[in-house]
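Structural characterization, general
Listed below, chain by chain, are the residues.
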Amino acid sequence: MRKLTVLFTIPFLLSVSGCSLSDLVDTNGYQQGDNVKPELIESHEGAKMVYRGAVAKAMTYLSSQSNMVARFTDELSIRPTTDPIDQDVRMPATSVVNEFRVFWNAGYDEAHSARIQASQSIALLKKYAEGKENNILAHAYAIEAFMQIGMADNFCSGLPLSESQYGGVFVPGKGYPRDTFYTRAIQLFDEGIKLNVDSVPIRTLLLVGKARALSALGRYSEAADVVSSVADTDSAGYKYEFNPLQSVASQIQFWTAGYDSAAGYVKNQKGVNGLKWLADNPAEQDSRINVRTLPGMTGYVAFPAPLKISAGNGFLVQANGAEARLIEAEAHLNNNEPALWLEKINRVRRLYKNLSGIQLADTVDPGTPAGRVDLLFRERAFVMYLTGRRLGDLRRMIRQYDRHPESVFPTGRAEGSQILNYGSNYVFAIGDAEMSNNPSYSKCEDYLP
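Attention in this report is confined to the structure presented alongside it. These figures come from a predicted structure and were not determined experimentally. (Residues numbered from 1 in each chain as written. Predicted model: local features only at pLDDT ≥ 70, side-chain atom pairs only at ≥ 80, totals over all residues. Heavy atoms only, no water.)

This part takes up the packing of helix H4 (residues 134–154) against helix H6 (residues 200–216). Interaxial distance between H4 and H6 falls to 9 Å at its minimum, and their mutual angle equals 30 degrees. Between H4 and H6, the angle falls in the class roughly parallel. Helix-helix and strand crossings are classified by hand; for H4 and H6 the assignment is left-handed. Contact residues: H4 offers Asn 135, Ala 138, His 139, Ala 142, Phe 146 and Ile 149, while H6 offers Ile 202, Leu 205, Leu 206, Gly 209, Arg 212 and Ala 213. (Axes fitted to C-alpha atoms, helices over the stretch in contact; angles between N-to-C directions. Helix = DSSP H or I, 4+ residues; strand = E, 2+ residues; numbered from the N terminus. Parallel < 35°, antiparallel > 145°, perpendicular 65-115°, else oblique. Left-handed = near helix turned anticlockwise from the far one by under 90°. Contact = heavy atoms within 4.5 Å.)

Moving on, we get to the packing of aromatic side chains. Taken as a whole and assessed by the stated rule, the structure comprises 7 aromatic pairs. On the numbers, 5.3 Å between centres and 85 degrees between planes, the contact of Phe 146 with Phe 189 is edge-to-face. Placement of the pair is Phe 146 in helix H4 and Phe 189 in helix H5 (residues 178–194), with a sequence separation of 43 residues. Relative accessible area serves as the criterion here: at 4%, Phe 146 is assigned to the buried category. Its relative accessible area of 0% is what places Phe 189 among the buried residues. Both rings, one in Tyr 220 and one in Tyr 401, keep their centres 6.4 Å apart while their planes meet at 35 degrees; by these two values the pair is tilted. Note that Tyr 220 is positioned in helix H7 (residues 220–226) and Tyr 401 in helix H12 (residues 390–401), a separation of 181 residues in sequence. Here Tyr 401 falls in the buried class, since its relative accessible area comes to 13%. Following the ring pairs from residue to residue traces out a cluster consisting of Phe 72, Phe 155 and Phe 428. Over the face of the ring belonging to Tyr 176 we find Arg 184, whose NZ or CZ atom lies 5.9 Å from the ring centre. (Phe/Tyr/Trp six-rings, centres within 6.5 Å; stacked < 30°, edge-to-face > 60°. Buried < 20%, exposed > 50% of the residue type's maximum accessible area, 1.4 Å probe, protein only. Lys NZ or Arg CZ within 6 Å of the ring centre and 35° of its normal.)

Right, let's get into H12. The first and last C-alpha atoms of H12 sit 15 Å apart over 12 residues, in line with the 16 Å expected at 1.5 Å per residue. Where H12 terminates, the next one or two residues include Asp 402, which has phi positive at roughly 60 degrees. (Expected span 1.5 Å × (residues − 1).)

Compared with an ideal rise of 1.5 Å per residue, which puts 24 residues at 34 Å, helix H3 (residues 105–128) spans 34 Å between its outermost C-alpha atoms and is within 8% of the ideal. At the C-terminal side of H3, Glu 130 shows a positive phi close to 50 degrees.

For the rest of this paragraph, the subject is unusual backbone geometry. With a phi angle near 55 degrees, Asn 196 is a residue other than glycine that sits in the positive phi range. Here Asn 196 shows up in the loop between H5 and H6. Overall, the relative accessible area of 66% leaves Asn 196 in the exposed class.

Next up on the list: the side chain of Lys 48. Here Lys 48 lies in helix H2 (residues 44–72). At 3.1 Å, the side chain of Lys 48 and the side chain of Glu 45 are in polar contact. (Polar contact = N/O pair within 3.5 Å; in protein donor to acceptor, adjacent residues only side chain to side chain.)

Looking now at the environment of Met 49. Here Met 49 lies in helix H2. Among the residues examined, Met 49 registers a relative accessible area of 9% and is labelled buried. Separated by 72 residues in sequence, Met 49 and Ser 121 have C-alpha atoms that sit 8.3 Å apart.

Secondary-structure assignment places Arg 389 in the loop between helix H11 (369–383) and H12. Setting aside residues up to four positions removed in sequence, Arg 389 forms contacts with Val 69, Arg 212, Val 317, Gln 318, Glu 323 and Met 384.

Attention now moves to the nonpolar core. Counting 101 residues, the largest nonpolar core has Met 147, Phe 155 and Leu 159 as the members making the most contacts within it. The leading source of residues in this core is H4, at 13 residues. Discounting residues that sit within four places of it in the chain, Leu 159 has contacts with Tyr 108, Met 151, Lys 174, Gly 175, Tyr 176, Phe 181, Ile 430, Tyr 441 and Cys 444. (Core = buried A, V, L, I, M, F, W, Y, C linked by side-chain atoms within 4.5 Å.)

Below, the discussion takes up the pattern of salt bridges. The tally for this structure, following the rule as stated, stands at 26 salt bridges. The shortest N-O distance in the salt bridge between Glu 330 and Arg 396 comes to 2.8 Å. Here Glu 330 is found in helix H9 (residues 321–334), whereas its partner Arg 396 is found in helix H12, with 66 residues between them in sequence. With a shortest N-O distance of 2.7 Å, Arg 403 and Asp 374 are connected by a salt bridge. In this pair, Arg 403 is assigned in the loop between H12 and strand E13 (426–429) and Asp 374 in helix H11, connecting sequence segments 29 residues apart. Ionic contacts of the salt-bridge type, sharing partners, join the residues Asp 232, Arg 325, Glu 328, Lys 344 and Arg 347 into one network. (Salt bridge = Lys/Arg side-chain N within 4 Å of Asp/Glu carboxyl O.)

Shown next as structure tokens:
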């Protein structure tokens, strides 16, 4: 059996929004791919180094996830072109009956690597930090848990979960059903919650993350109870800042790959079923979907791109009070309490403005169970736009609200393709590399929502 050596891949200087721990996740100066000596790792400072590496790897996955999920849902579409030679077929994929399966090996590898390193940092912090680093220990629990939620939300059921602690034996993992990932995530969040941390962003990550996993299991009332103490203004996310070791171009490309530097643009009603993201009157545009019109390059027409970066900085919200209120709204919806459901929906809308600076107006009850589900998931889509959550929500609408896939996912002829239709379900799978190298794993058990 082989031992596992920790490798650091640190792409950016990172900080946790609103958190006093920015010095602990400062990865500046660490070299990519260095083998770290055991005598350095096996110490208080070494444990924090492993934690920092887990943060960086998690951010690599979360940014990649936001891009891929946007492309394969209705959040982003293929950039319009006037040159048929440049027409795309969305992404390399295999179209099969009733599904559109995409092999996203990089995403699985990124999530798996971050999960393993977070687990290693937990063990090292518990051994060498002697209870002195509860904030970052709790954050490490949250990182491992969020990686499992991402894998369950976006990938096929039956992904392998291999295990290894630093200096220990690597144990190849068998495939586990999707719900096992959510259940394990809840257990990890609970371990972090037990530490009773004083950091509001980390506490927000733990509580909202646990509630998200509970909602994915259909345990709506439990989820609402978990987030009841999360304030409307609580937020946790990550800010990408310039790393002097990397060029400006490479950093911007990391955040905007598939967005304004590549092929992604915002389109209303993509594939018929897509949401109407852009208002007819630009002054009334919902500020949660802020765009800028980029000029057309050679062979391309101008297109509206999401405004996600400013002066090279990007911010990705991972959990906040608005999501907490929408989790409570979903519980009211499933408890047949439409008045309380609507109050939560409008409470969230009052947190935001349109581009003219006017608070978003209250919405009204559509009056039917199906209409209420549509409105709930619309508000979730706007609050969590380009954060990598849309695919999980669309799959939940099918799985938990009995929607037909072709009424949820884009349908019809795929944009940029002369021969390929949109599939009736989108799910990410992993390729043959894992099966070739993991004797405990054979294949995904299913590709259902």
